[in-house]
Amino acid sequence: MTSRLSSVRLAAALAIAAGFTAVAHADDATALNAAAKEPGAVVTASGLVFKSLKEGTGASPKGTDVVKANYLGKLPDGTKFDASADHGGPISFPLNRVIACWTEGLQKMKVGGKAKLTCPSAIAYGSRSMGPIPSNATLVFEVELVGIN
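Bear in mind the structure is a predicted one, so any value in this text is a computation, not a measurement.

Chemist: What am I meant to see in the overall build of the chain here?
Modeler: Counting secondary structure elements, the chain contains three helices and seven strands. The order of α-helices and β-strands along the chain, N terminus first, is α-α-β-β-β-β-β-α-β-β. For the chain, with 149 residues in total, the buried portion stands at 43%. The long-range fraction of contacts in the chain, counting pairs at least 24 apart against all pairs at least 6 apart in sequence, stands at 67%. Carbon and sulfur atoms provide 55% of the accessible area of the chain, an area that totals close to 7,400 Å².

Chemist: Explain unusual backbone geometry here, please?
Modeler: Glycine aside, the phi torsion of most residues is negative, and most peptide linkages are trans. For Asn136, which is not a glycine, the phi torsion comes out positive at approximately 60 degrees. In this fold, Asn136 is placed in the loop between β6 (114-119) and β7 (139-148). Of the residues examined, Asn136 reaches a relative accessible area of 10% and is grouped as buried.

Chemist: Before we go on, may I ask you to explain the pattern of salt bridges in this structure?
Modeler: Side chains that carry opposite charge are capable of pairing whenever their charged atoms lie near each other. Per the counting criterion, the structure on display carries three salt bridges. With a closest N to O distance of 2.5 Å, Glu38 and Lys116 form a salt bridge. Of this pair, Glu38 sits in the loop between α2 (22-36) and β1 (42-43) while Lys116 sits in strand β6, and the two are 78 residues apart along the sequence. A salt bridge links Asp86 to Lys80, with the shortest nitrogen-to-oxygen separation between them at 3.1 Å. Judged by its relative accessible area of 46%, Asp86 falls in the partly exposed class. A cluster of three or more residues bridged by salt bridges with shared partners is formed by Glu38, Lys51 and Lys116.

Chemist: Quick question: what am I supposed to make of the side chain of Ser84 here?
Modeler: Position of Ser84 among the secondary structure elements: in the loop between β4 (80-83) and β5 (91-94). At 2.9 Å, the side chain of Ser84 and the backbone nitrogen of Tyr71 are in polar contact. Other than its neighbours up to four places away in sequence, Ser84 contacts Ala69, Asn70, Tyr71, Gly89, Pro90 and Ile91.

Chemist: Can you walk me through the environment of Ala29 in this structure?
Modeler: Inspection of the secondary structure assignment puts Ala29 in helix α2. On the basis of relative accessible area, Ala29 is assigned to the partly exposed category, the value being 21%. Separated by 91 residues in the primary sequence, Ala29 and Pro120 place their C-alpha atoms 8.5 Å from one another.

Chemist: Sorry, what's going on with the nonpolar core here?
Modeler: One broad rule of soluble globular proteins: the nonpolar side chains tend to lie buried together. Ranked by size, the top nonpolar core spans 25 residues in total, and within it Trp102, Leu106, Leu117, Leu139, Phe141 and Val143 carry the most contacts. Of all the secondary structure elements, the ones that give two or more residues to this core are β3 (66-74), α3 (100-107), β6 and β7. Looking at this core, the element that brings in the most residues is β7, giving four residues. If sequence neighbours within four positions are ignored, Leu106 has contacts with Pro61, Val67, Ala69, Phe93, Leu95, Leu117, Val143 and Leu145. In terms of nonpolar packing, the next biggest core, distinct from the first, is built from six residues, Ala35, Ala41, Val43 and Val49 among them.

Conventions used here
Residues numbered from 1 in each chain as written. Predicted model: local features only at pLDDT ≥ 70, side-chain atom pairs only at ≥ 80, totals over all residues. Heavy atoms only, no water. Helix = DSSP H or I, 4+ residues; strand = E, 2+ residues; numbered from the N terminus. Buried < 20%, exposed > 50% of the residue type's maximum accessible area, 1.4 Å probe, protein only. Contact = heavy atoms within 4.5 Å. Areas by Shrake-Rupley, 256 points an atom, 1.4 Å probe, with all protein chains shown as cover. Salt bridge = Lys/Arg side-chain N within 4 Å of Asp/Glu carboxyl O. Polar contact = N/O pair within 3.5 Å; in protein donor to acceptor, adjacent residues only side chain to side chain. Core = buried A, V, L, I, M, F, W, Y, C linked by side-chain atoms within 4.5 Å.

So, in structure tokens, the structure goes:
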């Protein structure tokens, strides 16, 4: 667990060095530390906290693949900001055309798998606000990889 927390602290330090506000990083650090402490969670070098909820049995996508996925996106306080169900079910998208957190996280999955991705702002939308997502926000997604097109 020490290495997980060290990775989270490193991600927070890199984000602070990049010029994000201390308030945003305090929120990021709280959400990321909590996610990193969950059983089975893994913190990657980018700061993504990946937790498998259900192992898939199919192939894993490459960063250039088009994938089909169900997802639920929330802010750390539990506020839902988007879900594939709101758009009629699973969506297809090129994996290299989404936030870096998704590109990295979905490549760790196999078709049929589900995972929780806790995305630091640096690999989500950074300082940009996107509709209901405030700038410098940590994002939490539950993602199911339905297929690779």
